[in-house]
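Secondary and tertiary structure notes
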Amino acid sequence: MNHDAYDNAYIAGILNSVRTIAMVGASPNDVRPSYFVLKYLLAKGFSVLPINPGHAGKQILGQTVYASLADLPRPVDMVDIFRGSAAVPGIIDQVLKLDPLPKVVWMQLGVRHDEAAARAEAAGIKVVMNRCPKIEYGKLSGEIGWTGVNSGVLSSKKPLMRQGFQSFGVRQK
């Protein structure tokens, strides 16, 4: 797969199919990007399980923090990586030990590791690199246009109403 550009339908398909997300590198610090992405995804109705060994057993935004992917109490649909690119191979090792495997591994803005992505894809896991699900959700749902940003997505279709704060769902192309 070409990870330099993603079709809107590919991203929309992922965001419409996942419900449970493990966020590796979640931070309790409210000025960190992982904190406001976690808050946004929770508001959109996703179930998010924070992973941070330094805060295991504590809570972030009312969600119990786990030390590692192996400690998760239930299966997840997606693993969202908020760690540097050098940490990705080790995280993919943990992902590949999960049973069942998640559908998606998503690497945040600035995070890319092609070899680790190829290993995940060989196991049947979809991969997104150097993207933010919060930004992609806002772009594909039309929310980002509320602030005057041109999302490049224009639709006359009525948005799908979903649970969560101002959650209109992601439009398929």
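As a reminder, the structure under discussion sits directly above these lines.
1. Remarks on the overall build of the chain
Within the chain, the regular secondary structure consists of five helices and seven strands. For the chain, the sequential pattern of α-helices and β-strands runs α-β-α-β-β-β-β-α-β-α-β-α. Buried positions account for 43% of the 173 residues belonging to the chain. Within the chain, contacts between residues at least 6 apart in sequence are counted, and of these 62% link residues at least 24 apart. Split by element, the accessible area of the chain, about 8,700 Å² in all, is 53% carbon and sulfur.

2. Describing the sheet that holds strand E2 (residues 47-51)
With parallel pairing, the five strands of this open sheet are ordered in space as E2-E1-E5-E6-E7. With one partner strand each, in any of the chains shown, E2 and strand E7 (126-128) form the two edges of the open sheet. Strand after strand, the sheet turns through a mean of 20° between neighbouring axes, direction not considered. Alignment of strand E6 (residues 104-107) against E7, held across three bridges, turns out to be parallel. Bridging from a neighbouring strand, tryptophan 106 pairs with valine 128 of E7.

3. Quick look at the pattern of salt bridges
Any two side chains of opposite charge can pair, on the condition that their charged atoms come close. One pass over the full model with this rule turns up five salt bridges. Notably, a salt bridge pairs lysine 139 with glutamate 136, separated by 3.5 Å at the nearest N-O pair. Here lysine 139 pairs with glutamate 136, and both are found in helix H5 (residues 133-141), just three residues apart, close to one helical turn. A cluster of three or more residues bridged by salt bridges with shared partners is formed by Asp4, Arg112 and Asp114.

4. Focus on H5
For H5, the set of buried residues is Pro133, Glu136, Tyr137, Gly138, Leu140 and Ser141. Buried residues along H5 sit in contact with helix H1 (8-17), helix H2 (33-43), strand E5 (78-81) and E6.

5. Some details on H1
The complete set of buried residues in H1 reads Tyr10, Ile11, Ala12, Ile14 and Leu15. On its buried face, H1 is in contact with E5, E6, E7 and H5.

6. Here's the deal with the packing of aromatic side chains
Under the criterion given, the structure shown has three aromatic pairs. Between tyrosine 40 and tyrosine 137, the aromatic rings sit 6.0 Å apart at their centres with planes inclined by 80°, giving edge-to-face as the arrangement. Residue tyrosine 40 is found in helix H2, and its partner tyrosine 137 is found in helix H5; the two are separated by 97 residues along the sequence. In this structure an aromatic cluster arises from ring pairing among Tyr40, Phe46 and Tyr137. Positioned above the aromatic ring of tyrosine 40 is the side chain of lysine 134, whose terminal nitrogen or guanidinium carbon lies 4.9 Å from the ring centre.

7. A few points about the packing of H2 against H5
Where H2 meets H5, the axes come as close as 9 Å, and the angle between the chain directions of the two elements is 45°. Taken together, the axes of H2 and H5 lie oblique to each other. Contacts between H2 and H5 involve Phe36, Val37, Tyr40 and Leu41 from the former and Pro133, Lys134, Tyr137 and Gly138 from the latter. Taken together, the residues that form the contact of H2 with H5 break down as six nonpolar, one polar and one charged.

8. As for the side chain of serine 27
Counting through the fold element by element, serine 27 comes out in the loop between strand E1 (20-24) and H2. Once you skip the residues sitting within four places of it in the chain, serine 27 turns out to touch Arg32, Ser34, Tyr35, Asn52 and Ile60.

Reading guide: rules and limits
Residues numbered from 1 in each chain as written. Predicted model: local features only at pLDDT ≥ 70, side-chain atom pairs only at ≥ 80, totals over all residues. Heavy atoms only, no water. Helix = DSSP H or I, 4+ residues; strand = E, 2+ residues; numbered from the N terminus. Buried < 20%, exposed > 50% of the residue type's maximum accessible area, 1.4 Å probe, protein only. Contact = heavy atoms within 4.5 Å. Areas by Shrake-Rupley, 256 points an atom, 1.4 Å probe, with all protein chains shown as cover. Pairing = 2+ DSSP bridges. Axes fitted to C-alpha atoms, helices over the stretch in contact; angles between N-to-C directions. Salt bridge = Lys/Arg side-chain N within 4 Å of Asp/Glu carboxyl O. Phe/Tyr/Trp six-rings, centres within 6.5 Å; stacked < 30°, edge-to-face > 60°. Lys NZ or Arg CZ within 6 Å of the ring centre and 35° of its normal. Parallel < 35°, antiparallel > 145°, perpendicular 65-115°, else oblique. Nonpolar A, V, L, I, M, F, W, Y, C, P; charged D, E, K, R; others polar.

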